[in-house]
Amino acid sequence: IDHILSVEAVVSTQSTGDDFDPLDWSLNCATLSQYYITMNNYQSARHTLACASSVISNVEESSAGVSGYSDEEYDSEKIKKTRADIERCWVKYCVNLLKDSVKEAQDSDISEKPSKISEMKKNFEEEEEEEEKKEEEKEEGKDGENKDKDEKKEKDKEDNSTSEEINEEEERKMKGFSDLVDVDDIELLRITNVETGQYEELVGVDLCSTYEEARRVFKAGSKFTENAVKYYTFDEHVTDHVEIRQDLSTIYKCLAHFDEDESRQCKMHKRRIDILTELASPLNIQHFRMICRQLRFELGEARNTMVSLKYSIAAEQPPEKQNWKKINNLCFAAIQEFQRFIDLLRDPSDNFPDVLAEDTVRPYIISQIYIARMYGKIKPMDAQQKIMFLGKATEHFNAAVSYYDKNGCEGVKDEIDVAREMAHFLPAKIEKIKRMEHGQI
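Residues numbered from 1 in each chain as written. Predicted model: local features only at pLDDT ≥ 70, side-chain atom pairs only at ≥ 80, totals over all residues. Heavy atoms only, no water.

Concerning the overall build of the chain
- Summing up its helical and strand segments, the chain has 15 helices and zero strands in all.
- When contacts within the chain are restricted to residue pairs at least 6 apart in sequence, those whose partners lie at least 24 apart make up 76%.
- Only carbon and sulfur atoms are counted for the fraction: they give 47% of the accessible area of the chain, which is about 22700 Å². (Helix = DSSP H or I, 4+ residues; strand = E, 2+ residues; numbered from the N terminus. Contact = heavy atoms within 4.5 Å. Areas by Shrake-Rupley, 256 points an atom, 1.4 Å probe, with all protein chains shown as cover.)

What to know about the packing of aromatic side chains
- This structure, assessed with the given rule, holds 14 aromatic pairs.
- Taking the centre distance of 5.4 Å and the plane angle of 40° together, the rings of Phe352 and Tyr364 count as tilted. Of this pair, Phe352 sits in the loop between helix H12 (324-343) and helix H13 (358-377) while Tyr364 sits in helix H13, and the two are 12 residues apart along the sequence.
- A relative accessible area of 7% places Tyr364 in the buried class.
- Among the aromatic side chains, those forming a connected cluster through ring pairs are Tyr42, Trp90, Tyr93 and Phe224. (Phe/Tyr/Trp six-rings, centres within 6.5 Å; stacked < 30°, edge-to-face > 60°. Buried < 20%, exposed > 50% of the residue type's maximum accessible area, 1.4 Å probe, protein only.)

Some points on H12
- Its 20 residues place the ends of H12 28 Å apart at the C-alpha level, agreeing with the 28 Å of an ideal helix rising 1.5 Å per residue.
- All of the buried residues along H12 are Trp324, Ile327, Asn328, Leu330, Cys331, Ala333, Ala334, Ile335, Glu337, Phe338, Phe341 and Ile342.
- In the core, the buried residues of H12 are packed alongside helix H11 (289-315) and H13. (Expected span 1.5 Å × (residues − 1).)

With respect to the packing of helix H9 (residues 238-258) against H11
- At a minimum axis distance of 12 Å, the contact between H9 and H11 shows a crossing angle of 15°. Between H9 and H11, the interaxial angle falls into the category roughly parallel. For the element pair H9 and H11, the recorded crossing hand is left-handed. Along the contact surface, H9 presents Thr239, Val242, Gln246, Ser249, Thr250 and Lys253, while H11 presents Ile291, Gln294, Leu295, Glu298 and Glu301.
- Taken together, the residues that form the contact of H9 with H11 break down as three nonpolar, five polar and three charged. (Axes fitted to C-alpha atoms, helices over the stretch in contact; angles between N-to-C directions. Parallel < 35°, antiparallel > 145°, perpendicular 65-115°, else oblique. Left-handed = near helix turned anticlockwise from the far one by under 90°. Nonpolar A, V, L, I, M, F, W, Y, C, P; charged D, E, K, R; others polar.)

Concerning the side chain of Arg296
- By the secondary structure assignment, Arg296 is in helix H11.
- The contact partners of Arg296, leaving out residues within four places of it in the chain, are Ala280, Glu337, Arg340, Phe341 and Leu344.

Section: the nonpolar core
- Trp25, Tyr93, Val203, Leu295, Ile365 and Phe397 are the most contacted members of the largest nonpolar core, which has 110 residues in total.
- Counting residues per element, this core draws most heavily on H11, which supplies 12 residues.
- Setting aside anything within four residues of it in sequence, one finds Val203 in contact with Arg46, Trp90, Tyr93, Cys94, Leu97, Arg216, Val217 and Ala220.
- The next biggest cluster of nonpolar side chains, apart from the first, holds six residues, and it includes Ala84, Ala228, Val229 and Tyr232. (Core = buried A, V, L, I, M, F, W, Y, C linked by side-chain atoms within 4.5 Å.)

Some remarks on unusual backbone geometry
- Its identity as a non-glycine residue notwithstanding, Asn40 has a phi of 60°, on the positive side.
- One non-glycine residue with positive phi stands out, namely Asp350, at about 70°.
- By the element assignment, Asp350 lies in the loop between H12 and H13.

As for the side chain of Gln368
- Assignment of secondary structure puts Gln368 in helix H13.
- Those residues in contact with Gln368 that sit more than four places away from it in its chain are Ile342, His396, Ala399 and Ala400.

Looking at helix H4 (residues 76-108)
- End to end, H4 covers 48 Å across 33 residues, agreeing with the expected 48 Å (1.5 Å per residue, within 8%).
- Capping the start of H4, Asp75 holds a side-chain oxygen 3.2 Å from the backbone nitrogen of Glu77, two or three residues further along. (Polar contact = N/O pair within 3.5 Å; in protein donor to acceptor, adjacent residues only side chain to side chain.)

Thoughts on the packing of H11 against H13
- Where H11 contacts H13, the axes come no closer than 11 Å and their chain directions differ by 35°. Considering how the two elements wind past one another, H11 and H13 form a crossing that is left-handed. Where H11 abuts H13, its residues Arg293, Phe297, Asn304, Val307, Ser308 and Tyr311 lie against Thr360, Pro363, Ile366, Ser367, Tyr370, Arg373, Met374 and Lys377.
- Here the residues of the contact of H11 with H13 are counted per class, giving seven nonpolar, four polar and three charged.

Digging into the environment of Ala105
- Among the secondary structure elements, Ala105 is positioned in helix H4.
- With a relative accessible area of 22%, Ala105 lands in the partly exposed category.
- Those residues in contact with Ala105, other than ones at most four positions away along the chain, are His257 and Phe258.

Some points on the pattern of salt bridges
- Within the structure shown, the criterion is met by 26 salt bridges.
- Of the charged contacts, one joins Arg83 and Glu87 as a salt bridge, the two residues approaching to 3.1 Å between their closest N and O atoms. Linking Arg83 with Glu87, this pair stays in helix H4, spanning four residues, or about one helical turn. The pair Arg83 / Glu87 is uniform in exposure class, with both members buried.
- Taking the shortest distance from any N to any O, the salt bridge between Lys92 and Asp247 comes out at 3.0 Å. Of this pair, Lys92 sits in helix H4 while Asp247 sits in helix H9, and the two are 155 residues apart along the sequence.
- Its relative accessible area of 10% is what places Asp247 among the buried residues.
- Where salt bridges share partners, they join Arg88, Lys92, Asp240, Glu243 and Asp247 into one cluster. (Salt bridge = Lys/Arg side-chain N within 4 Å of Asp/Glu carboxyl O.)

Below, the structure is given as structure tokens:
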């Protein structure tokens, strides 16, 4: 805290000092914005970013002979890097403003929406009820072609919070010191000798509550991302480039939350998948294993969300327009991404550790549960395939429960409770399907 406050004091006074270095000052000013973001003080965060952008723009104009502070020449490479770092700070501003907006929206209606865990359980229970109804129809001599008429509409929109699981520990550390300061006591920082008007108009400071408000932040964040990767290219700055593009994926994810059109939501998540796949495909796993884990987990989460959206869309369509083959392929793709993430947890000898690193435990358990869930969503061609998929779902539910029972994990009790119940329930369901196949029911 003392360090942050000292930086604030320097930034506030240094712009009028004799030792003023515009490059260092603008970067310090942009960096200070990240502190204000953790305090939810978006007005001061935007102001410091606007000051930083104003000063670096004057340096760029000075180097081009247009205007500037003095005749002093600045290293062009340092100017480009400083500009890119400021743009990255703007990206983080947009990401956090949108994430906080989503959280605010979710908190406001959390009591009205069923949890994704209860929805998972409901899926299996409704399927069993539907199968019983279908069997009754067969016994009454009804045409099997009408089996879809009694199928219940499933509204299973996903809580999009999983993609941040891998970075959860890092985010807690970033925000950890916010408990030490009373937000109500924070004064708004104003630097009066820097012109900031045009830059403060780029993006707002209030949390978004509508699609149009979120779209404005999205457009600004996309532009800042585009500017940042001009310097932080994939070939020369892999880690930085990936992080910036991951932020763009998060921006798309948050925007989708505010769009009521499920088809458009699907397109946004498809864009996320394209972005993340483009990053993950060329990476060397041996050199960038941790980054590959993050990307594969996020890809699994994005595909998982698309499955839920496609299910919801299909429930509103007549049977002849329901493309279950495409939905099944999405399920398999989500399974593949989560399994890739799990495989990346193996050690160099390809052995799976008995105890995982602390920051990968929750993502591992969540991955196992979501793989199980995807197997439960696949529409089978026949009873044998149904038995096989439910068997695999049981295996993955058991894997999550087994690791939790042996090693524990904070923050997954609700998920584990449902996984445990499903692991107990599915074998009985499988046996029932087998007996129906042999005409024993």
